[in-house]
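Here's the letter readout for the chains.
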Amino acid sequence: MPIIRSLFAFAILLCAAGTSQSQEPNAARAANIQKAIEAVFAETPFSNRGSVEGDVNGDGQNDVIAIVHLSQPNAASEFRLLVLAGGADESFTPLSVSGDFCSANKFYDITTSPVQKSLEVKMVGSADATHAESFTLKFRYSAKLNDFELVGWENLSNNYDEQAVFRESFNYLTKVVTVSRRLGKNYIKRHTSANGTERITNFSRRSAKYKEVKVPFNAPKSAMLQGFDCFQNAVDSPIYITEDFQIHKK
């Protein structure tokens, strides 16, 4: 199977300090990006699931961060998080490539921060008018290691109808996980008639609820982007807040 060679498939969304702005790259720059990615994955068929530009290693040049989907015959589908270091001459050099990265059933959202020399990748698993679920990984560049260290991991579940939010936020620097649950005062119920017409009824609770707990967790000594594997580097919170706002140890 030939390599997917579409320069337009690698059109870049420029990102600065976490804010995305869509802009078509010039042909030479796009060709250099395509060439650099092809060099990383050799003859493996691949496609782009999303990419951004931003200075994430602090050298003043825009780098490229891309989610690449590998689709080899008779092999399981895999994703890679790839960082290409940009040069002053419009060239790009592979800086870091993950192992089997996390998949997103809906879409990926990548943001960068040149101030923090960091990048965040949000994997949205579900999203519609009633709810959304996602988890986010945050990496920060280390000049000493010339790679990106995992510094944060967050799981988020949001039920819009119930105004209910559950969050687990892992800080790998402090080795503390913050677990919280919120229930808003107002909520709605949806009713669908036999002919498919939806009716929404508004309700109000006596009060809103919120509970937050911070506890230490067993974080790995280091998790670098080079060779990073979502499943091997996953961690569990030692506590959980149930829907009735009771705290349970796992």
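Everything that follows concerns the structure shown earlier in this document.
Values in this document were obtained by computation on a predicted structure and should not be read as measured data.

K.L.:
Help me understand the sheet that holds strand β9 (residues 131–142), please; the structure alone is not making it clear to me.
P.N.:
Remark on secondary structure: sheet strands pair via backbone hydrogen bonds, oriented parallel or antiparallel. Pairing in this open sheet of 7 strands is antiparallel, and the strands run β7-β8-β9-β10-β11-β12-β15 from one edge to the other. Unpaired on one side and paired on the other, β7 (107–113) and β15 (209–216) mark the two borders of the sheet. On average, adjacent strands in this sheet sit at an angle of 15 degrees to one another, irrespective of strand direction.

K.L.:
Can you help me understand the environment of Val97 in this one?
P.N.:
Counting through the fold element by element, Val97 comes out in strand β6 (residues 92–97). Look at Val97 and you get buried, because its relative accessible area is 16%. As a C-alpha pair, Val97 and Gly152 span 55 residues in sequence and 18 Å in three-dimensional space. For Val97, the residues in contact, after removing those within four places along its chain, are Val40, Phe41, Arg80, Leu81, Leu82, Leu225, Gln226 and Gly227.

K.L.:
How do you make sense of the state of the cysteines when you look at a structure like this?
P.N.:
Any covalent bond linking the sulfur atoms of two cysteines counts as a disulfide. For the coordinates displayed, the defined rule picks out 1 disulfide. In this model, Cys102 is linked to Cys230 through a disulfide, with the two sulfur atoms separated by 1.4 Å. With the S-S dihedral at roughly -60 degrees, the linkage between Cys102 and Cys230 falls on the left-handed side. With Cys102 in the loop between β6 and β7 and Cys230 in the loop between β15 and β16 (239–241), this residue pair connects regions lying 128 residues apart in the sequence. Take Cys102 and Cys230: they sit in the same class, and that class is buried.

K.L.:
Looking at this structure, I do not really get the packing of aromatic side chains. What am I missing?
P.N.:
Two descriptors summarise a pair of aromatic rings, namely the distance from one centre to the other and the angle between the planes of the rings. Enumeration according to the criterion identifies 10 aromatic pairs in this entry. Ring centres 6.0 Å apart and planes at 45 degrees place the aromatic pair Phe41 and Phe46 in the tilted group. Residue Phe41 is classed as buried on the basis of its relative accessible area of 7%. Since its relative accessible area comes to 0%, Phe46 is described here as buried. Between Phe170 and Phe217, the ring centres sit 5.1 Å apart and the planes meet at 80 degrees, which makes this aromatic pair edge-to-face. Taken together, the residues span a long stretch of sequence, with Phe170 in strand β11 (residues 164–171) and Phe217 in the loop between β15 and β16 at a distance of 47 residues. In this structure Phe170 comes out as buried when scored by relative accessible area, which is 2%. Residue classification places Phe217 among the buried residues on the basis of a relative accessible area of 6%. Members of the aromatic cluster, connected to one another through ring pairs, are Phe101, Phe139 and Phe228.

What counts and what doesn't
Residues numbered from 1 in each chain as written. Predicted model: local features only at pLDDT ≥ 70, side-chain atom pairs only at ≥ 80, totals over all residues. Heavy atoms only, no water. Pairing = 2+ DSSP bridges. Helix = DSSP H or I, 4+ residues; strand = E, 2+ residues; numbered from the N terminus. Axes fitted to C-alpha atoms, helices over the stretch in contact; angles between N-to-C directions. Buried < 20%, exposed > 50% of the residue type's maximum accessible area, 1.4 Å probe, protein only. Contact = heavy atoms within 4.5 Å. Disulfide = S-S within 2.5 Å. Phe/Tyr/Trp six-rings, centres within 6.5 Å; stacked < 30°, edge-to-face > 60°.

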